[in-house]
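Secondary and tertiary structure notes
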Amino acid sequence: MTKWVYRFGAGHNEGRADMRNLLGGKGANLAEMASIDLPVPPGFTITADVCTAFYDNDRNYPTDLKGQVDDALVAVEKAVGLNFGDKNHPLLVSVRSGARVSMPGMMDTVLNLGLNDLTVEGLATAADDPRFAWDSYRRFIQMYGSVVLGVDHHRFEEIIEHAKLDNGVIEDTALTAKDWREVVENYKDLVQQETGKPFPQDPQAQLWGAVGAVFGSWMNPRAITYRRLHDIPAGWGTAVNVQAMVFGNMGNDCATGVCFTRDPSTGENMFYGEYLVNAQGEDVVAGIRTPQPLSASVAKQGEIPLEQAMPEAYAELMAVRSKLENHYKDMQDIEFTVQQNKLYMLQTRNGKRTAAASLRMAVDMAREGLIDEAEAVMRVNPASLDQLLHPMLDPKAPRTLLGKGLPASPGAASGIVVFSADEAESRAAKGEAVILCRIETSPEDIHGMHAARGILTTRGGMTSHAAVVARGMGRPCVSGAGGISVDYNNQILAAGGKEIRAGETITLDGGTGEIFIGSVAMIEPAMSGDFGTLMEWADKSRRMGVRANAETPMDAETARKFGAEGIGLCRTEHMFFDPERILAVRQMIISNTQPARRAALDRLLPFQREDFRQLFTIMAGLPVTIRLLDPPLHEFLPHADTEMQEVAESLGTDIETIRRRAADLAEANPMLGHRGCRLGISFPEIYEMQARAIFEGAIAVAKETGKAPHPEIMIPLVGMKKELEITRAQVDKIAAEVFAQSGTTIDYSVGTMIELPRAAILADSIAEVADFFSFGTNDLTQTVFGLSRDDAGRFLPQYVEAGILPKDPFVSIDVEGVGEMVRMASVKGRATKNALKLGICGEHGGDPASIAFCEQVGLDYVSCSPFRVPVARLAAAQAALGAESDRTA
């Protein structure tokens, strides 16, 4: 018989932390906390395998599941001395989701399950507190009605708002038992009105309704969006945790809170969190009330920290903090409840954190001896480093303050104000920078939060939904900006007599919590401190080199600043569009004879030579891979009549000559047309000019600096050995001429970009002529799939959503197809020439998953955009450490 249910707590723990794939992170960690003697209310976990079976069998459960759930529920009853559905001593439970990876706010939770019109009276008598009982009942109806029955959450909130208005109070806590009883009746009327059925009174029906809703929430739109954004497979499913309730809303000796063992925004080794007296857990993250800090050291005037309000519970929580961090050896995100001054642990998990915090924690923990340097390198998500490599506000820039909130997620962003997630997504899709402004965010806003440059909320604390999700996404966020009002109807932000309308610009500083009117100038970040330390550790661990794709001095300098070890791709065609040289390029293109073309190219030579001289100077002593001209010539000609006329006049010819030449060069499919080495063979003078510029520039730098650069001249689009033989001969001939004329020689290499399937298949033959292969996986992906990346965006997202492809193959390498071409070409090439240098220079060179594949294949280096260099350095180190771990396992 398959085991579908695992118990935890009360001395009977059937799960462990390493069973997260089966029990989900929450269930596995509840069992683990109970096993190390932390105060965990007893309960049980329904495994993620049930979720898979549920969807595989048309939303039907395994036949033996109910019996296992009944047995586990009886065990919980015995442990706490209460009975599920008993009208005098009712057991109440929470029902929570729990996937193997944390998905904050994405799925559904139901608290206080088991309450009905009878058990609420028993709870009131047993607790001697009718207000607590009716408050718990209204919470249950609201959650169950929203999560399970599909009644709009805001309809319930409207009833509470009316109750507060009628009673002249501001806070929920000021409502009496009588008030809550009336709210409950109104809630039940609302459910009857919206669903056509009365609110369910049978606790067993309630339980299975909630379990079904949690499994159903795995496929709700916000969970699907979150999984897509974070590359979480749908097949993983979620577990369901059923746990005896403990209550933070029984009075002023009760509380609930969320805390982190270190600051998730900065990484500082300080206890960080918030709590609410007389509340349940959802109140803290929902932002309905403004929470209080835990520690007296960070409390502001008027705030009452937990350390002061409940010193015994606080001291116990501090001990738990230390125990959990030492046990898991990572920063923990903890949920707790205090019931009548007794602490209970409801959850722990490795806490989400900003990139800056992740970096600091990894380095600090290694220095503290909690982890070693290799583990520190593995701890930081390479992709998250992007958060550290983008502009922050210039402290010297002028600014006009609109208001201030909490610094919920660091970084800075400017954009136009929008008030809905849908508008944020639609305007961002048009290329507009937007700031999503909400009273509070909910999981339904996930798509707009991802599209926005920054997020502003007027409610909620540092652990609100907006704060947690923004930190995970790397979006700047300011939350709890209570001095700012959001008017959805009139589309206005207002504060201190100032108004900002939809479409106007604001700037957020997520590091300070400040909101400014208009745009504020930004500055580039500096790499130092913990960043530099981690990069040093990463560089000690990695095997592959990391280069940059760069063709301008600015790109090259940025790449060097970020630790690039050379240039892996210099696209020479980008240099041709400079206004000083485009006329010479066009003169060369419209010329009908080789002498005329050579005359035009002679005008280009000094520009190209200076281009390469600058790059070689910046990259002194490092390899620089230069791709000779690749795109078809018609790309350099104008297309509109007005532009053609301007070109004709500047070249001293007529517009008809320009039109005829453009027509002659036009192609039905330029990507597969007269480009790459085909140009070099048809017009050898182009490649000869470029080769001369390379060698003359390199020799000049060698003489100036004493550090001879190493040019690697790359012939693009080779599909046949003979193509490379012809074009290499051109390069070698020019090298010999320049060396003879200058009396100086330098080392150089000639290789090719592998971007055609034929080249991969015949790599053993091509390697006879090549010194290196660089895999141009952008075009290789196009030619392997037979699709254009310029057009594929229309349907590739559907392919990913439908599971046809795991990821967009232009973002992360298609291991089965494109990857197999890379693997085959590598093996064949090195079978011919053992020392053949292998690299990758497509966009995949900056993608961590693709870099891991490059390590497996044995490439020598990856090349990526300058700002992705640190990402590639860290990813290459992690790939090497992972490969080493696999070998020793």
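Let me sum up the structure you'll find in this document. (Residues numbered from 1 in each chain as written. Predicted model: local features only at pLDDT ≥ 70, side-chain atom pairs only at ≥ 80, totals over all residues. Heavy atoms only, no water.)

Here we come to the overall build of the protein. In terms of regular secondary structure, the protein is built from 34 helices and 33 strands. What you see for the protein is a C-alpha radius of gyration of 32 Å, in line with the 29 Å of a compact globule of 889 residues. Overall, the C-alpha framework of the protein stretches about 105 × 65 × 50 Å when taken along its three principal axes. Evaluated residue by residue, the protein yields a buried proportion of 57% over its 889 residues. (Helix = DSSP H or I, 4+ residues; strand = E, 2+ residues; numbered from the N terminus. Rg over C-alpha atoms; globule rule 2.2 N^0.38 Å. Buried < 20%, exposed > 50% of the residue type's maximum accessible area, 1.4 Å probe, protein only.)

This brings us to helix α21 (residues 594-618). The end-to-end C-alpha separation of α21 is 35 Å, in line with the 36 Å expected for 25 residues at 1.5 Å each. At Leu 604, α21 shows its largest kink, close to 35°, and the proline Pro 606 lies no more than four residues downstream. Considering only its buried residues, α21 is in contact with α19 (553-561), β27 (567-571), α20 (582-590), β28 (623-627), α25 (684-705) and β29 (710-715). (Expected span 1.5 Å × (residues − 1). Bend = angle between axes of the 7 residues up to and from the residue. Contact = heavy atoms within 4.5 Å.)

Here Met 143 is to be found in helix α5 (residues 130-147). Judged by its relative accessible area of 14%, Met 143 is buried. Separated by 661 residues in sequence, Met 143 and Ile 804 place their C-alpha atoms 36 Å apart. Setting aside its immediate chain neighbours within four residues, Met 143 contacts Thr 109, Val 110, Leu 111, Val 148 and Glu 282.

On to the nonpolar core. The biggest cluster of nonpolar side chains holds 131 residues, and the ones touching the most others in it are Leu 534, Leu 633, Phe 695, Ile 715, Phe 773 and Leu 859. Here this core takes eleven residues from α25, the largest share from any one element. Setting aside chain neighbours within four positions, we find Leu 534 in contact with Leu 359, Val 363, Ala 376, Val 377, Val 380 and Leu 874. Val 69, Ala 223, Val 242 and Ala 467 belong to the second largest nonpolar core, which has 80 residues in total. (Core = buried A, V, L, I, M, F, W, Y, C linked by side-chain atoms within 4.5 Å.)

Bringing the pairing of β28 into the picture now. Among the five residues of β28, five are classified as buried, and the element is accordingly described as predominantly covered. Because side chains alternate across β28, one face comprises the buried residues Pro 623, Thr 625 and Arg 627, and the other comprises Val 624 and Ile 626, equally buried. Bridging between β27 and β28 involves three bridges; their strand directions are parallel. Bridge pairing in β28 places Cys 570 opposite Ile 626. (Pairing = 2+ DSSP bridges.)

Read from one edge to the other, the open sheet built from three strands follows the order β20-β21-β22, with strand pairing classed as antiparallel. Every interior strand has two partners, whereas the edge strands, β20 (485-487) and β22 (498-501), have only one. Going across the sheet, the axis of each strand differs from the next one's by a mean of 20°, ignoring polarity. In this sheet, β22 lies alongside strand β21 (residues 492-495) in antiparallel orientation, the contact comprising four bridges. Its bridge partner being in β22, Ile 492 is matched across the sheet by Arg 501. (Axes fitted to C-alpha atoms, helices over the stretch in contact; angles between N-to-C directions.)

At a minimum axis separation of 9 Å, α5 and helix α6 (residues 153-167) run at an interaxial angle of 155°. Accordingly, the angle class assigned to the pair α5 and α6 is roughly antiparallel. Across from Arg 138, Ile 141, Gln 142, Gly 145 and Ser 146 in α5, the residues of α6 making contact are His 153, Phe 156, Glu 157 and Ile 160. Residue composition of the contact of α5 with α6, grouped by class: three nonpolar, four polar and two charged. (Parallel < 35°, antiparallel > 145°, perpendicular 65-115°, else oblique. Nonpolar A, V, L, I, M, F, W, Y, C, P; charged D, E, K, R; others polar.)

Attention now goes to the pattern of salt bridges. Between side chains of opposite charge, a pair can form when the charged atoms approach closely. In total, this model carries 59 salt bridges according to the counting rule given. The salt bridge partner of Lys 164 is Asp 172, with a shortest N-O separation of 3.1 Å. Each of the two residues, Lys 164 as well as Asp 172, counts as buried. Notably, a salt bridge pairs Arg 873 with Asp 539, separated by 2.6 Å at the nearest N-O pair. You can see Arg 873 sitting in helix α34 (residues 869-888) and its partner Asp 539 sitting in helix α18 (residues 530-541), a full 334 residues away along the chain. In this structure, a network of salt bridges that share partners links the residues Glu 573, Arg 627, Asp 630, Arg 675, Glu 755 and Asp 779. (Salt bridge = Lys/Arg side-chain N within 4 Å of Asp/Glu carboxyl O.)

Turning next to the sheet that holds strand β12 (residues 342-350). The five strands lie next to each other as β10-β9-β8-β11-β12, forming an open sheet whose pairing is antiparallel. Each edge of the sheet is formed by a strand with only one pairing partner; in this case those strands are β10 (292-293) and β12. Sheet topology places strand β8 (residues 255-260) next to strand β9 (residues 272-277); six bridges connect them, and they run antiparallel. Bridge pairing in β9 places Thr 256 opposite Leu 276. Its contacts with the sheet put helix α12 (residues 311-328) on β8, β11 (332-339) and β12, and the angle it makes with β12 is roughly 30°.

This next bit is on the side chain of Asn 549. Structurally, the position occupied by Asn 549 is in strand β26 (residues 545-549). For Asn 549, the side chain forms a polar contact with the main-chain oxygen of Cys 841, separated by 3.3 Å. Residues in contact with Asn 549, not counting those within four places in the same chain, are Gly 568, Leu 569, Arg 571, Cys 841, Gly 842, Ser 863, Cys 864, Ser 865 and Pro 866. (Polar contact = N/O pair within 3.5 Å; in protein donor to acceptor, adjacent residues only side chain to side chain.)

What follows covers helix α23 (residues 655-665). Of the residues making up α23, those classed as buried are Ile 655, Thr 657, Ile 658, Arg 661, Ala 662 and Leu 665. Projection of α23 onto a plane perpendicular to its axis shows the buried side chains occupying an angular sector of 160°, all on one side. Away from its buried face by more than 90 degrees, α23 exposes Ala 663 and Asp 664. Summarising the contacts, the buried residues of α23 are in contact with α20 and α22 (641-651). Capping the start of α23, Asp 654 holds a side-chain oxygen 3.0 Å from the backbone nitrogen of Glu 656, two or three residues further along. (Arc of directions from axis to C-beta.)

Attention now goes to the pairing of β26. Of all the five residues making up β26, five are buried; the element is thus mostly covered by neighbouring parts of the structure. Two strands pair when backbone bridges link them, and β26 and β27 are joined in this way by two bridges, in the parallel orientation. Of the residues in β27, the one forming a bridge with Ala 548 is Ile 567.

Throughout the structure, instances matching the rule amount to 19 aromatic pairs. With centroids separated by 4.8 Å and ring planes inclined at 70°, the aromatic side chains of Phe 695 and Tyr 748 adopt a geometry described as edge-to-face. On the criterion of sequence distance, the pair formed by Phe 695 in helix α25 and Tyr 748 in the loop between α26 (721-742) and β30 (749-754) is long-range, its members being 53 residues apart. Here a set of aromatic residues connected by ring pairs shows up, and it is made of Phe 54, Tyr 55, Tyr 61, Trp 208 and Phe 215. For the cation-ring pair, Arg 227 lies above Trp 218, with the distance from its terminal atom to the ring centre recorded as 4.2 Å. A cation over a ring is seen here: Arg 399 above Phe 516, with NZ or CZ 5.3 Å from the ring centre. (Phe/Tyr/Trp six-rings, centres within 6.5 Å; stacked < 30°, edge-to-face > 60°. Lys NZ or Arg CZ within 6 Å of the ring centre and 35° of its normal.)

What follows deals with the state of the cysteines. For the coordinates displayed, the defined rule picks out zero disulfides. Among the cysteines around Cys 259, which has no disulfide bond, Cys 254 carries the closest sulfur, lying 17 Å off. Under the relative-accessibility criterion, Cys 259 is labelled buried at 0%. In this model Cys 841 remains outside any disulfide bridge; the closest cysteine sulfur is found in Cys 854, 11 Å from its own. A residue is classified by how much of its surface remains accessible, and Cys 841, at 2% relative accessible area, is buried. (Disulfide = S-S within 2.5 Å.)

What follows covers the packing of helix α1 (residues 20-35) against α12. Axis separation between α1 and α12 bottoms out at 12 Å; the angle between their running directions is 115°. It follows from the interaxial angle that α1 and α12 lie roughly perpendicular. Read as a crossing pair, α1 and α12 show a hand that is right-handed. Contacts between α1 and α12 involve Asn 29, Glu 32 and Met 33 from the former and Leu 324, His 327 and Tyr 328 from the latter. (Left-handed = near helix turned anticlockwise from the far one by under 90°.)

Shape is all these values report; function is a separate question.
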